[in-house]
Amino acid sequence: MKKVAIIGAGLAGLSAAQRLQASGCEVVVLEKSRSLGGRCASRLWEGNVVDHGAQYFTMRVPSFSEEMHRLCGDSIQRIEAPITLELGSVLPERSPRYYHVKGNNHLGRALGEGLTIRKETTVEVLEAAGGKWLVAGDVYDAVLVTAPWPQAAKLLGTSIPMDTFAPCLTALFSYAMPWTGRSPEIYAHSWAGDDLAWSACENHKSGRIQPGQVVFVAQAGRSFSEIWLEADPAEWAATLRNALELRWGLDPAAFSGQFTHRWRYARSLGKIAQPDLPRGLYVSGDAFSDSRVESAWLAGAKVADRMLA
């Protein structure tokens, strides 16, 4: 295997790309957006750095922990405050929760260092070409697709069910107020409700939030997100905001701004079997493992080893 195209610059794609390139392959990563890291996403908003995708990550597997510390060093910090559940109990911490001080998207940036990456490149078709594959105008010996499974399945032409991901409507809410009340003691609340299923205070991530502001990330539950997925954000953001203020005891008069985002493929609903693909085509991603950040990285490393073998 000499030249490889990797479709998708999430952690699975970047992990595979690094492993393949280190083994002597010529690797090109094709990413439809302008950023790296996939759902490990952050944005600069109102002077604040906010994670509107993956809220935190774990490092249960030594190889992932070693790689993240090698790439990011002291930029990886631990979230100390707990997550509470609906009735006020504390969610057990099976392993420490971490974040990147500059934004969790910097995990993707770090993994992308030294790679050939073509951003804003959408791949709509894979064409066989004499034992190789024509992708976006170039010929490759092999192609790895790491896009969310519904998109990957369409590109690969497989009949495996595509309804394998749940959407998630997400909103950022800022409040012009001191960091007081319950939020300094609690990092996040997790509920089983249909409207607000998760909310977290980004002030727990050191150096992220401007003085005099408190910023929350609010994520809707599956059924609420499915119902309102195609609606104008004005039709659903207020519901999340009202639930947030009620559950955190926030003063509505201190509300200062909001930003909304729609994650169409937010969370895998369960593992699926690897499809039977033509020679030279491979697929990876959290549809074959789970939706944790480190699982995506591990999935990319695993498929790269299989490609090299």
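Look up a bit, the structure's there.
Residues numbered from 1 in each chain as written. Predicted model: local features only at pLDDT ≥ 70, side-chain atom pairs only at ≥ 80, totals over all residues. Heavy atoms only, no water.

Caption draft 1: Highlighting unusual backbone geometry. Positioned with a positive phi, E120 is a non-glycine residue whose angle comes to about 50 degrees. Here E120 lies in the loop between β8 (116-118) and β9 (127-129). In this structure E120 comes out as exposed when scored by relative accessible area, which is 58%. Despite not being glycine, A136 shows a phi value in the positive range, around 50 degrees. Relative to the assigned elements, A136 resides in the loop between β10 (132-135) and β11 (138-140). (Helix = DSSP H or I, 4+ residues; strand = E, 2+ residues; numbered from the N terminus. Buried < 20%, exposed > 50% of the residue type's maximum accessible area, 1.4 Å probe, protein only.)

Caption draft 2: Geometry of the sheet that holds strand β16 (residues 213-220). Spatially, β6-β14-β15-β16-β13-β17 is the arrangement adopted by the six strands of the open sheet, whose pairing is mixed. Whereas interior strands pair on both sides, the edge strands pair on one side only; in this sheet they are β6 (83-84) and β17 (255-268). Docked against the sheet, helix α6 (residues 237-248) engages β13 (165-176), β14 (188-190), β15 (196-201), β16 and β17, running at close to 60 degrees with respect to β13. (Pairing = 2+ DSSP bridges. Contact = heavy atoms within 4.5 Å. Axes fitted to C-alpha atoms, helices over the stretch in contact; angles between N-to-C directions.)

Caption draft 3: Up close: the sheet that holds β8. One open sheet accounts for five strands, arranged β8-β2-β1-β12-β18; its pairing is parallel. Two strands lie at the open edges of the sheet, namely β8 and β18 (281-283), each paired on one side alone. The average angle at which neighbouring strand axes cross in this sheet is 20 degrees, direction not considered. Looking at chain direction, strand β1 (residues 3-7) and strand β2 (residues 26-30) are connected through five bridges and run parallel. Looking at the pairing, V4 lines up with V27 of β2. Along the sheet, helix α4 (residues 149-156) contacts β1, β12 (142-145) and β18; its crossing angle with β18, the most-contacted strand, is approximately 165 degrees. Helix-sheet contacts for helix α7 (residues 293-308) involve β1, β12 and β18, and the interaxial angle to β18 is about 160 degrees.

Caption draft 4: The arrangement of the side chain of S42 in detail. Within the element layout of this structure, S42 appears in strand β3 (residues 42-45). In this structure S42 comes out as buried when scored by relative accessible area, which is 15%. At a separation of 3.1 Å, a polar atom in the side chain of S42 contacts the main-chain amide nitrogen of N105. Those residues in contact with S42, other than ones at most four positions away along the chain, are V50, D51, H52, G103, N104 and N105. (Polar contact = N/O pair within 3.5 Å; in protein donor to acceptor, adjacent residues only side chain to side chain.)

Caption draft 5: Expanded view of the packing of helix α1 (residues 11-22) against α7. For the pair α1 and α7, interaxial distance at closest approach is 7 Å and the crossing angle is 40 degrees. Between α1 and α7, the crossing angle belongs to the class labelled oblique. When you trace α1 past α7, the crossing you get is right-handed. Note on element contacts: α7 touches α1 through V293, A296, W297, G300, A301, V303, A304, D305, M307 and L308, opposite L11, A12, S15, A16, R19 and L20. (Parallel < 35°, antiparallel > 145°, perpendicular 65-115°, else oblique. Left-handed = near helix turned anticlockwise from the far one by under 90°.)

Caption draft 6: Representation of the pairing of β3. Here β3 pairs with strand β4 (residues 48-51) via four bridges, running antiparallel. The residue bridging W45 from the neighbouring strand is N48, located in β4. Hairpin remark: β3 followed by β4, antiparallel, with two residues in the connecting loop; positive phi at E46, about 55 degrees.

Caption draft 7: Local environment of the packing of aromatic side chains. Per the stated rule, a full pass over the model turns up twelve aromatic pairs. Ring centres 6.4 Å apart and planes at 55 degrees place the aromatic pair F173 and F255 in the tilted group. Taken together, the residues F173 in strand β13 and F255 in strand β17 connect sequence positions 82 residues apart. Overall, the relative accessible area of 25% leaves F255 in the partly exposed class. Centroid distance Y175 to F216: 6.1 Å. Interplanar angle 80 degrees. Geometry classified as edge-to-face. Residue Y175 is located in strand β13, and its partner F216 is located in strand β16; the two are separated by 41 residues in the primary sequence. F216 shares its class with Y175; the two are buried. An aromatic cluster of at least three residues, connected via ring pairs, comprises F173, Y175, F216, W248 and F255. (Phe/Tyr/Trp six-rings, centres within 6.5 Å; stacked < 30°, edge-to-face > 60°.)

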